[in-house]
Structure formats: C-alpha cells, structure tokens
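# Coordinate analysis (summary)
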Amino acid sequence: MNETSILQGLNDAQRQAVTAEFKPLLVIAGAGSGKTRILTRRIAYLISQNVPSFHLLGITFTNKAAGEMRKRVDALVKQFVWVSTFHSTCMQILRHDGEVIGLKRHFSIYDETDQLVLIKECMKELSINDRQVNPKAIREIIQRAKDQLTDPVQFQLSAHDYFEEMVSKAYQLYEQKLSFMNGCDFGDLILKVVRLFEKDNVVLERWQDRFRHVLIDEYQDTNHAQYRLIQLIASRYRQLTVVGDPDQSIYAWRGADIKNILRFEEDYPDCQILKLEQNYRSTKVILEAANHLIQHNYQRKPKQLWTENDEGEQIALYEASDEKDEAGYVVKKIKEYQRQGFPLTDMVIFYRVHSQSRVLEDELRRHKINYKIVGGIRFYDRREIKDLVAYLKFIASPDDEVSLKRILNVPSRGVGKKAFEAIAEYAAQHQKTLGGALGGIEQVTGVSSKSKKAIRIFYELITWLRANHAHLNITELLEKILHETGYLNELEGEKTMESRVRIENIKEFFSAVQEFEETWEPFLDELPSHAQPAPSTSMLQNFLESISLQSDIDRWSQDSEQLTLMTLHSAKGLEFPIVFMAGLEEEIFPHVNALGEADGELEEERRLCYVGMTRAKRKLHMTYANSRRLYGFRNHNLPSRFLNEIPQNSFEAPDRFDFRVELDEFDDFDELDDPKRRILYD
C-alpha cells in the first residue's frame, strides 16, 4: 500500500498524527475522533517507510479492540503485525523467557474466581476469620498492590494496622501457593515481565530489539505497572506513539493513573503532541453539552470537540417521581423508537451501579422487550463452564491445584472432605503436588476403597487425555470429558430449569470452542526466534489463554436484536444512536464515595458522565428521580450537579409527566402538574 492510499480520507490533524516524525508522539484523541483509524494507519505508514512489520507492537486494552485493530491492519498491509492486549503480550513474553525468573513455560492463569478460592484457602490456613476480613477485599488489595509493582515483602513493610497485617500474611502465603502451583494471576503477567526485564538486561534488549516501534491505545487507562513496562520496552529506540484522552480516564478504581498521560512530555521532553478534536459521532448539541461539562475538571489537557454533523435534537431530561416512574419513562420511549423503525440494537441504557438495573429489567420484562446486560455474570464464570475449563486447565497444567480441587469430585465421585485432606497430607509428606499424589492413591491412608477406585478412574482419564491431547482438538477433548465423566448425563437427569440452562450454556461453550478452532493459527510468526512454543500444546494452551484474558465486553455483540444495559464503566469505545442515562442524582451519580474532600474522585465521576454522553450519536436522554429505593432504603436526593454544569439551552423543557398514567384519563392537560422544572444544585 502506498502513502497516498494510507492517508486517503484523513483530515489534516489525523494526517499529521499518522505521518509524525519518528520520535515520542502523544495524540490527544477526543471521543469519536477516529483514534483507531490513526493507530492502524500509522502502523501502515511506518511499514510504507520501510519499517519491518516484525518490529512493530500495537497494544490496546481489550481482546475485542485488539481483534478489530488486527483486522484493519491486515486489510491495509497484508502483513502480520503483533497487535495485542497488555496481558496477552506479557503472557507470550513469559511463555518464552519466564524460566529466567523461575516460571515454567506451561503456567496456569488464575482468574478472579480462582484467586478467591486460593485466598480463602490461605485465610483458612492462617486462621483469618472471613467474617472479620472479607476475602474479596484481600483479593482487591493484592490486585492493586501488583498494579503498583508492590511485592509481599514491600507490602509488609508498609502495613500499619491489623487489617493490613492480615492482608500481608495472606498475600505472602498466596504468592507461595501460586509459585508452587506454577500459576499466575492477571497482575502477575505484567509484574513478572517488569521484574524479568529489570533482572536480565540481555532478555530486555532482545525484546527491545523485537519491538522497536511501540503504539499504545487508551494510554490514559494505564496503571503504574503498565507504565513501567512501556518505559522499559521503549527506552532503547524511543519510537513510542501513545493515543489517549485524559477526559476519558475512568478506571482509577482499578489502578489506572491519569498522571501517566498528563506527564508524558515530562517523560519524553522531545515529544510531539497533537490533538484530534473533530468528532464524527455526535451532534453539535450533544458535543456542546459534553464540552461544557468536562471544562469543570482541572486534571486535563484543554481541547474543544467540534463536528460537521447536524445541530441535532436537544437533550431530553426527565424528572421521575421514583425509580419505577423512571423505568416506565425509559421503556415507553424505547417502544416509541421501535414504532419509528429503530431496532433495539440502536439503543442502550447506562447506569452508574449494577443495582439500578433491577427495576429497569422488571419493566422491560413486563413489556416483553428483549435485552442483554453487559457486566453481569461473565460467561466463563458460570459454574458449568468453570468446571469444563478446569478439566482443560488441569490437562494442560499438571501443577494446577486450584483446577484439580474443583473437578476431583465433579461430577460427584464420593470424594469428600476427609479424602481431600488425606491426599493433601500425603502430598505434603512426600513433597508432591496434589496432582502428583493422585498417582500414588493406593498408598494414601484415610481414603476409603470406594473413593480410591473413583480417584484412580479419574486419574487414568486425565493421564490418557494429557498423553493424547496433542492428537485431539479441543472439541474432541470436551466430548471425551463429558462422556467419560457422565457430567452431561447428570445434568440431563436433573430435569430442572436450572439444569436445562446449564446444558444450553455448555452447548454455547462448544460454539465458542469451534469458533476458536476455525480461526486458530499457531502463534509462531509473532515470536522471536529464540523461543517457540511446543506445537503439541499450543492450541489448547492458546484457547485457555484467550478465555482467561477475555472480558464480558469481548463477548458482547451489537448484531443481536437486543437492547443493551450496562454500567457507564463498560461504555467506553462504544456508540449508539440513542442513549439513556438513568439515575443522575447526587450520591448515585456522582457516587457517594466521590463526594469527599478529594477532588480527583469527583473529577473521575465527571469524566464518567462525559464518556456516557459522548456515546450518543443522535439522541441523549438523561433521567433522575425525586425518590429512589436502593439497597433497601428509600432516599430523596438532589438532581446531580452534572446536570447543572450543562447549559440549560442544551435541554428540552424538563419533563416530569408520570407515564404510568394513561393520557386518556385526563380531559385537559392543564390538570397535570407543570411539566417544567428548573434544575437546581446549590
């Protein structure tokens, strides 16, 4: 592809970003300004300037975004370019060079559910009462510690109260268990690569030479560990392009640090900074409202979004009497749009917290409107899927004790708690893993002959699958597991609604597996020559990696005829012709936790509102309620301050009509309350 075709269709600012000099580059890309196009075109431009595609690394945050970017790059240059997420990239690096820091190549990746199982096990061994210390809180603190590159020793030194002391002890034991089981959690994937690069300069230089040009999407969402990783990789050649928008930094609660993008020119004094301010998504009215809102923040880089799109309709504002009235209004409007010819896929309902969805769901079901919640129970977190994945993980990773403990008695084999304890004791005495102890089950005391027989059959099945899985695809492995264990037969025998749903989920899992098998190719071209994966294990290993790193938004599709409901934190990167934002009340949005003395948290809430507003292409609806029952209490909150930070002329006349009352009950509209109400926040 020549330079002319690469630059075709770009505006002046986009063209500047694509063809910028080969030095550190920061592109401040406003919402809807075409940042993905910039990244893909810059990759193509670099290749057209004789940069080998082998030396390019593109990083984004979700598998879905990475897949879309890969597809666009492939269409442009017809060459392989490494485009991946932070976690996937680090996982590949560890597969190649992790042994330098004591990590075997075929390590297991533990998701949040697996982490919680392991943490509870640690707490039990340490006699930490889970009623006094929440296991989920420990998991969260460990995750944030790893985001900050804080290891257990460093954490212990900073612990200053009883709670942190308990977390410190759990963290230390948790890490010991992960190491023994050759496992990594998500935080480890990045932390361990940083430690690897800091420890071994030869390994670092090899990867620096591999990734001479680094391009990062959504740079405002990077945490400290990711920031340090980028520094290490890019420090040799300093060919770094980062694209982001401080006004869309909304993940501080999971470790993102807005300062990473705000101080870019301090880190790279010779950098070039460009702004993309032309919006291709929203109407002038929506952009004007969003611009006014975000200007109330101080932690930002000034910019002014503009568009050549139509002026558009004013924002609809609805004052509901309560949460049921609010849901009634939203559903009535949805049905009106359907009658006008808009499909459900054109619409979305955003809310600040998951608990707001219940009343909305009740109303949608009452009107038989098909909907999908993004951010509910992750597909791969459903019990039956976790069970099957655990079988696959234990086949691939014999040291994975978390998976073994999950499946040893699933379906039921009569292996109870006492048998588990006896096997664990035997393993400890003989310095074996739990999986290794199963091979000597006949020597284990305290286990009944019936349980021993069941364990022997299980162990023989796993041993056979492990020995033969190189000759079977994943579908065949799953079919063998389901048939030999009787898992599916047990579900079919239950004959309950729950069991039917679980069977349907298993069928859907087979669809996911088959899609993977149809598109899978060995990762060989992506890898440096010094380390290639074992081909016999790569398909299963790659599949397990792909689902371990998958988020709920990765499985979401806008193609199915369903209305989408999601929290605002799931909204970034998406767009819809019609957007409903519900619950704009003080202490809900902005959230009560953001109303303290720290301005940073309130600014993040404002950015979250900005993100929600700029998802709308044609029409934006914003609603608030005078009274709302939430978490078992009825509250009377003021309208959100964010509504008062939007120019009044951006709104239609605020509406407070109760749509649960039919219009034909009134002879005259004058009998209704005045529909106009000024929004006040003092």
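Per chain, the residues get numbers from 1 upward, laid out in the order the sequence is written. pLDDT decides what is reported in this predicted model: residues at 70 or higher carry local features, side-chain atom pairs at 80 or more are listed and counted, and totals for whole chains, interfaces and linings draw on all residues regardless. Side-chain calculation: all heavy atoms of the structure are included, whereas hydrogens and water are not.

### Topic: the overall build of the protein
Only DSSP runs of H or I with at least four residues qualify as helices, and only runs of E with at least two residues qualify as strands; both kinds are numbered from the N terminus onward. Secondary structure summary: the protein contains 29 helices and 16 strands in total. Relative to the globule expectation of 26 Å for 682 residues, the C-alpha radius of gyration of the protein, 27 Å, shows essentially globular dimensions. The classification of residues rests on relative accessible area computed with a 1.4 Å probe and restricted to protein chains. Under 20% of the type maximum is buried, over 50% is exposed, and intermediate values are partly exposed. Going through the 682 residues of the protein one by one, you find that 55% of them count as buried. Every residue pair with non-hydrogen atoms within 4.5 Å of one another is taken to be in contact. Of all intrachain contacts in the protein linking residues separated by at least 6 positions in sequence, the fraction that spans at least 24 positions is 78%. Element-wise, carbon and sulfur atoms account for 48% of the exposed surface of the protein, whose accessible area totals about 30,500 Å². The globule rule is 2.2 Å times the number of residues to the power 0.38, and the radius of gyration it is compared with is taken over C-alpha atoms. Shrake-Rupley sampling with a 1.4 Å probe provides the accessible areas, and residues are treated as covered by the protein chains on show and by no other component.

### Remarks on the pairing of strand β9 (residues 316-320)
Burial of β9 is extensive: five of the five residues sit out of reach of the surface. Along β9, one buried face is formed by A316, Y318 and A320 and the opposite face, lined by L317 and E319, is buried too.

### Comments concerning the sheet that holds strand β1 (residues 25-29)
Note: two strands are recorded as paired if DSSP finds a minimum of 2 bridges between them. Spatially, six strands are ordered β3-β2-β6-β7-β1-β8 in an open sheet, and the strand pairing comes out parallel. What marks the edges here is a single partner per strand, and that holds for β3 (82-85) and β8 (272-276). This sheet shows a mean twist of 15° between the axes of neighbouring strands, independent of strand direction. Here strand β6 (residues 213-216) runs beside strand β7 (residues 239-244); their pairing, made up of four bridges, is parallel. Following the sheet pairing, I216 is matched in β7 by V242. Here an angle of 0 to 180 degrees is reported between the N-to-C directions of two axes, which are lines fitted to C-alpha atoms, with helices fitted over the stretch in contact.

### Observations concerning the domain arrangement of the protein
Structurally, the protein comprises domain 1 (3-97 + 190-276), domain 2 (108-181), domain 3 (306-376 + 556-650) and domain 4 (380-542). Between the C-alpha centres of domain 2 and domain 3 the distance comes to 36 Å. An automatic or database domain assignment provides the domain bounds reported here.

### A word on the confidence of the model for the protein
It should be kept in mind that the predicted coordinates are not to be read in detail where pLDDT is low. pLDDT expresses, on a scale from 0 to 100, how confident the predictor is about each individual residue. Mean pLDDT over the protein works out to 87, with 91% of the residues at or above the 70 mark. Taken element by element, the predicted model of the protein shows its lowest mean pLDDT in helix α27 (residues 552-555) (56) and its highest in strand β13 (residues 576-581) (98). Between residues 528-537, whose pLDDT stays under 50, and residues either more than four places distant or in other chains, the model counts 21 contacts. Across residues 657-682, confidence stays below pLDDT 50; counting only partners more than four residues off in sequence or on other chains, it has 44 contacts.

### A word on the UniProt feature "domain: UvrD-like helicase ATP-binding" (unreviewed entry) in the protein
In this structure's numbering, the residues bearing the UniProt feature "domain: UvrD-like helicase ATP-binding" (unreviewed entry) are residues 8-283. A helix fraction of 52% and a strand fraction of 13% characterise residues 8-283, whose end C-alpha atoms lie 24 Å from each other. UniProt positions are given in the numbering used here, feature names are shortened, and annotations may be inferred rather than shown by experiment.

### Here we look at the sheet that holds β13
Within the open sheet, the six strands sit side by side as β9-β14-β13-β10-β12-β11. Their pairing is parallel. Here the strands that pair on one side only, and so sit at the sheet edges, are β9 and β11 (371-374). Here the strands of the sheet are splayed against their neighbours by 20° on average, with no regard to which way each runs. Examined bridge by bridge, β9 and strand β14 (residues 616-625) share five bridges and lie parallel to one another. By the bridge assignment, Y318 is partnered in β14 with T623. Of the strands in this sheet, β10 (347-351), β11 and β12 (563-567) are in contact with helix α17 (residues 357-366), which crosses β11 at around 165°. Sitting on the sheet, helix α28 (residues 599-613) is in contact with β10, β13 and β14, with an inclination near 130° to β14.

### With respect to the packing of helix α7 (residues 135-147) against helix α9 (residues 162-180)
Two elements in contact, α7 and α9, have axes separated by 10 Å at closest approach and are oriented at 75°. Considered as vectors, α7 and α9 are oriented roughly perpendicular to each other. Along the contact surface, α7 presents A137, I138, I141, I142, A145 and K146, while α9 presents F163, V167, A170, Y171, Y174, E175 and L178. Put simply, Ala, Val, Leu, Ile, Met, Phe, Trp, Tyr, Cys and Pro go in the nonpolar bin, Asp, Glu, Lys and Arg in the charged bin, and everything else, Gly too, in the polar bin. Considering only residue class, the contact of α7 with α9 consists of 11 nonpolar, no polar and two charged. When describing relative orientation, an angle under 35 degrees is termed roughly parallel and one over 145 degrees roughly antiparallel, while 65 to 115 degrees is termed roughly perpendicular and anything else oblique.

### What to know about the pattern of salt bridges
A side-chain nitrogen of Lys or Arg and a carboxyl oxygen of Asp or Glu constitute a salt bridge if their distance falls within 4 Å. Applying the stated criterion across every chain yields a total of 48 salt bridges. Across the pair K393 and D114 runs a salt bridge whose closest N-O atoms are separated by 3.0 Å. Here D114 lies in helix α6 (residues 112-125) and K393 lies in helix α18 (residues 383-396), a separation of 279 residues in the sequence. For the pair shown, K393 and D114 are each scored as buried.

### Re helix α4 (residues 63-77)
Compared with the 21 Å implied by 1.5 Å per residue over 15 residues, the 21 Å span of α4 between its first and last C-alpha is a close match. Considered for burial, the residues of α4 that qualify are A66, M69, V73, L76 and V77. Viewed along the axis of α4, the buried residues span an arc of 90°, placing them on a single side of the element. Next to the buried residues of α4 lie α3 (35-48), β2 (56-60) and β3. Phi turns positive one or two residues past the end of α4, at K78, with a value near 55°. Residue count minus one, scaled by 1.5 Å, sets the expected span of a helix. For this quantity, the arc is that covered by the directions from the helix axis to the C-beta atoms.

### Quick word on the packing of aromatic side chains
Note on aromatic pairs: each is described by the distance of the centres and the angle between the planes. Classification of ring pairs uses Phe, Tyr and Trp, with its six-membered ring standing for Trp, and accepts pairs whose centres are within 6.5 Å; under 30 degrees between planes counts as stacked, over 60 as edge-to-face, and the remaining range as tilted. If you walk through the whole model with that rule in mind, you get 16 aromatic pairs. Aromatic side chains F350 and F576 sit 6.3 Å apart centroid to centroid with 80° between the ring planes, which places their arrangement in the edge-to-face category. Of this pair, F350 sits in strand β10 while F576 sits in strand β13, and the two are 226 residues apart along the sequence. Taken individually, F350 and F576 each receive the classification buried, so the pair is uniform in this respect. Ring pairing ties together the aromatic residues W82, W207 and F211, which thus form one cluster. A cation sits over an aromatic face here: R263 above Y227, 4.5 Å from the ring centre. In this scheme, the term charge over a ring applies when either NZ of a lysine or CZ of an arginine sits within 6 Å of the ring centre and within 35 degrees of the ring normal. The side chain of K480 reaches across the aromatic face of W464, ending 4.7 Å from its centre.

### Focus on unusual backbone geometry
The amide bond that connects V410 to the next residue, P411, takes the cis arrangement and shows omega of -5°. By the element assignment, P411 lies in the loop between α19 (401-407) and α20 (417-429). Of the consecutive residues F589 and P590, the connecting peptide bond is found in the cis state with omega at 10°. Among the secondary structure elements, P590 is positioned in the loop between β13 and α28. The phi dihedral of N50 falls on the positive side, at around 70°, and the residue is not glycine. Along the chain, N50 turns up in the loop between α3 and β2. The class for N50 is exposed, based on a relative accessible area of 71%. The phi dihedral of N182 falls on the positive side, at around 55°, and the residue is not glycine. Mapping N182 onto the fold places it in the loop between α9 and β5 (183-185).

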